[in-house]
Amino acid sequence: MKRRESRPFFLYLPFNAPHTPIQDPDARGTAEWRNGHRPTYAKMVERMDSKIGTVLAQLDAMGAAGNTIVVFLSDNGADPNGSNGALRGRKSSLFEGGVRVPCMARWPEALPAGGTIDQVALTMDWFPTLLSAVGIGKPKEPRFDGIDLMPFLKSGRRASPRLVFWRYKRGDRVRKAARDGDLKYISDAGEEFVFDLARDERESDNLLKSMPGRAASLKAKLADWERDVMAPRLKPFRSEPG
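For every chain, the first residue of the written sequence is number 1, and numbering continues from 1 along that sequence. Two thresholds apply to this predicted model, a pLDDT of at least 70 for residue-level local features and 80 or more for giving and counting side-chain atom pairs, whereas whole-chain, interface and lining totals are computed over all residues. Working from all heavy atoms in the structure, the side-chain values ignore hydrogens and water.

**Student:** So what about helix α1 (residues 38–62)? Which residues, and what values?
**Tutor:** Counting from the N terminus, the helices are the DSSP runs of H or I reaching at least four residues and the strands are the DSSP runs of E reaching at least two. Take the residue count of a helix, subtract one, and multiply by 1.5 Å to get its expected span. If you check α1, its first and last C-alpha atoms are 36 Å apart, about what 25 residues at 1.5 Å a residue would give, namely 36 Å. Any two residues having at least one pair of non-hydrogen atoms within 4.5 Å are treated as being in contact. Looking at the packing, one finds that the buried side of α1 touches β1 (70–73) and β2 (103–106). One or two steps after α1, the chain reaches G63, where phi turns positive at roughly 70°.

Next comes the structure, spelled out in structure tokens:
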């Protein structure tokens, strides 16, 4: 960034901490592992915040802060060292505590400050969103799975219902989920759940037995999506998507 003159630039900055092993960032050499130790975890979070501040300060120094889009987000919910508040589950689960993450965007010359949007969004939405922001139209190919979030960010457009999916496999454990509007279906290693997130974001009331028709519909949509996204590396379990 310091070497940049007037050309547009793109910076992808993936911090690898806070993450296990939990280690004091101020310790010399190989720091002691302190998994589960909240004060050490807090120091790791503070160190990340400080380095993000360094990036933002450089934008100010360059006179580029006003016309630079900054996006901050996480790839998954907190593990046991962190906290997901009242949300159920954690990293590697498909409950809200595993898939709902912080996401903040700043673009002073184009976006209103301090706003909040309720639109369901996924990380993959940022590709078409950033293309839209810089005036590049959506190409016919490849097909984007994401949507352009700029109308929601700029004008506060009312949130639109959306159908989205997740799938996770580690060892023999398969987790998958579908969300259609506020209704969410989860299959967690064969155990099934249906939740209405509009009134139950903590996912404490399983509606599977009281909504068998909606559950079957979501399950069928999930199976269709699995078939649509199958790739060569999934060949060993193409006999699914059960």
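**Student:** Lay out the environment of N67 with the relevant residues and their values.
**Tutor:** On the secondary structure map, N67 appears in the loop between α1 and β1. The spatial distance from the C-alpha of N67 to the C-alpha of A223 is 43 Å, given a sequence separation of 156 residues. Every residue in contact with N67, bar those within four places of it in the chain, is listed here: W107 and E109. Here a polar contact is taken to be a pair of N or O atoms separated by no more than 3.5 Å, where protein atoms must pair a possible hydrogen donor with a possible acceptor and residues adjacent in sequence count only if both atoms sit in side chains. One polar contact links N67 to W107, side chain to side chain, over a distance of 3.2 Å.

**Student:** Quick rundown of the packing of aromatic side chains? Include the residues and the values.
**Tutor:** The criterion for an aromatic pair is that two Phe, Tyr or Trp rings (for Trp, the six-membered ring) have centres within 6.5 Å, with stacked assigned to planes under 30 degrees apart, edge-to-face to planes over 60 apart and tilted to the rest. Following the criterion strictly, the structure yields five aromatic pairs and no others. The interplanar angle of 15° and the centroid separation of 5.1 Å between the aromatic rings of F165 and W225 together place this pair among those described as stacked. Note that F165 is positioned in strand β3 (residues 163–170) and W225 in helix α5 (residues 212–229), a separation of 60 residues in sequence. These aromatic residues form a ring-pair network of at least three members: F95, F193 and F195. Cation placement over rings: the criterion is NZ of Lys or CZ of Arg within 6 Å of the ring centroid and within 35° of the ring normal. We note R88 situated over the ring of F95; from NZ or CZ to the ring centre the distance is 4.3 Å.

**Student:** Outline the pairing of strand β6 (residues 191–196), listing residues and values.
**Tutor:** Should DSSP find at least two bridges between two strands, the strands are taken to pair. Examined bridge by bridge, strand β5 (residues 183–188) and β6 share six bridges and lie antiparallel to one another. Pairing of L183 across the sheet is with D196, part of β6. With antiparallel pairing between neighbouring strands as the criterion, β5 and β6 make up a hairpin whose turn holds two residues, including A189 at a positive phi of roughly 55°.

**Student:** I'd like a description of a nonpolar patch on the surface, backed by residues and values.
**Tutor:** On the surface, a nonpolar cluster with roughly 410 Å² of combined accessible area is contributed by M1, F9, L11, L13 and F15. Locating L13 in the fold gives a position in the segment before α1. Residues form patches when they are more than 30% accessible in relative terms and have no salt bridge. Like charges link within 9 Å. Nonpolar side chains (Val, Leu, Ile, Met, Phe, Trp, Tyr) link within 5 Å. The protein chains shown are the only cover counted for residues, whose accessible areas, like all others here, come from Shrake-Rupley with a 1.4 Å probe. Criterion for a salt bridge: a side-chain nitrogen of Lys or Arg within 4 Å of a carboxyl oxygen of Asp or Glu.

**Student:** Tell me about the nonpolar core, and name the residues and values.
**Tutor:** Among buried residues, the Ala, Val, Leu, Ile, Met, Phe, Trp, Tyr and Cys ones that are joined through side-chain atoms within 4.5 Å form a nonpolar core. The buried label applies to any residue whose accessible area, calculated with a 1.4 Å probe on protein chains only, is under 20% of its type's maximum; exposed applies above 50%, and partly exposed to all values in between. Judged by nonpolar contacts, L94, F95, V120, L122, V164, W166, A177, I186, F193, F195 and L197 together constitute the single largest core of 11 residues. Looking at this core, the elements with two or more residues in it are β3 and β6. Residues F165, A178, L183 and V194 belong to the second largest nonpolar core, which totals nine residues.

**Student:** I'd like a rundown of the pairing of β5, residues and numbers included.
**Tutor:** Residues in a regular strand point their side chains to alternate faces of the sheet. Across the six residues that make up β5, a large majority, six, are buried. Burial of β5 is two-sided: the residues L183, Y185 and S187 facing one way and the residues K184, I186 and D188 facing the other way are all buried. Summarising the sheet, strand β4 (residues 173–180) and β5 pair through six bridges and their orientation is antiparallel. Counted as the bridge partner of D180 is L183 from β5. What sits between β4 and β5 in their antiparallel hairpin is a turn of two residues, with G181 showing a positive phi close to 65°.

**Student:** If you had to explain the environment of F10 to someone new, which residues and values would you point to?
**Tutor:** When you line up the elements, F10 lands in the segment before α1. Using a relative accessible area of 67% as the deciding quantity, one classes F10 as exposed. C-alpha of F10 to C-alpha of T68: the two residues are 58 residues apart in sequence and 9.5 Å apart in space.

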